[in-house]
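# Reading the structure
Single-letter residue listing:
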Amino acid sequence: MSTLKRNTFSNLAGGVWVAVLTLVLTPIEINLLGGEAFGLVVNWGVQGAAVVYVGLGYFTLGAAVRSEITCIMQREEAIL
């Protein structure tokens, strides 16, 4: 089996595994936590993923924030 075929199969199998676990564990989590708490956990996870997505520089906002923080830190060091 070629590396490309093996990697493609592994990627597909991993995606199927995540989908199966999501379908099996979501009702269990809702029963354990309740609807409102589960919604808060999901909301927190989505917001965290959005922060990571922006912070990695996929948008120019991540680079701009890093640049601004660097400038502020340099100014603070100059003051000290």
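Criteria and thresholds
- Residues numbered from 1 in each chain as written.
- Predicted model: local features only at pLDDT ≥ 70, side-chain atom pairs only at ≥ 80, totals over all residues.
- Heavy atoms only, no water.
- Helix = DSSP H or I, 4+ residues; strand = E, 2+ residues; numbered from the N terminus.
- Buried < 20%, exposed > 50% of the residue type's maximum accessible area, 1.4 Å probe, protein only.
- Areas by Shrake-Rupley, 256 points an atom, 1.4 Å probe, with all protein chains shown as cover.
- Expected span 1.5 Å × (residues − 1).
- Bend = angle between axes of the 7 residues up to and from the residue.
- pLDDT = per-residue confidence, 0-100.
- Patch = residues over 30% accessible without salt bridge, like charges linked within 9 Å, V, L, I, M, F, W, Y side chains within 5 Å.
- Salt bridge = Lys/Arg side-chain N within 4 Å of Asp/Glu carboxyl O.

Quick look at the overall build of the chain now. Looking only at helices and strands, one finds three helices and zero strands in the chain. Mapped in sequence order, the helices and strands of the chain form the string α-α-α. Expressed as a percentage of the 80 residues in the chain, the buried residues total 2%. Here the chain displays about 7000 Å² of accessible surface, and carbon together with sulfur accounts for 71% of that area.

With that settled, the discussion passes to helix α1 (residues 3-33). Three or four residues apart is the spacing at which side chains of an α-helix point the same way, because the helix has 3.6 residues per turn. The first and last C-alpha atoms of α1 sit 43 Å apart over 31 residues, in line with the 45 Å expected at 1.5 Å per residue. Along its length, α1 reaches its greatest deviation from straightness, about 30°, at leucine 25, and the proline proline 27 lies no more than four positions downstream. One or two residues past the end of α1 sits glycine 34, with phi positive at roughly 95°.

All right, on to the confidence of the model for the chain then. With 85% of its residues at a pLDDT of at least 70, the chain reaches an overall mean of 85. For the chain, helix α3 (residues 60-79) is the element with the lowest average pLDDT, namely 75, and α1 is the one with the highest, namely 94.

Below, the discussion takes up a nonpolar patch on the surface. There is a patch of nonpolar side chains on the surface, built from Leu12, Val16, Trp17, Val20, Leu21, Val24, Leu25, Ile28, Leu32, Leu33 and Val41 and spanning about 1000 Å² of accessible area. If you tally residues by element for the nonpolar patch, the top one is α1, at ten residues. As for its position among the elements, leucine 21 is in helix α1.

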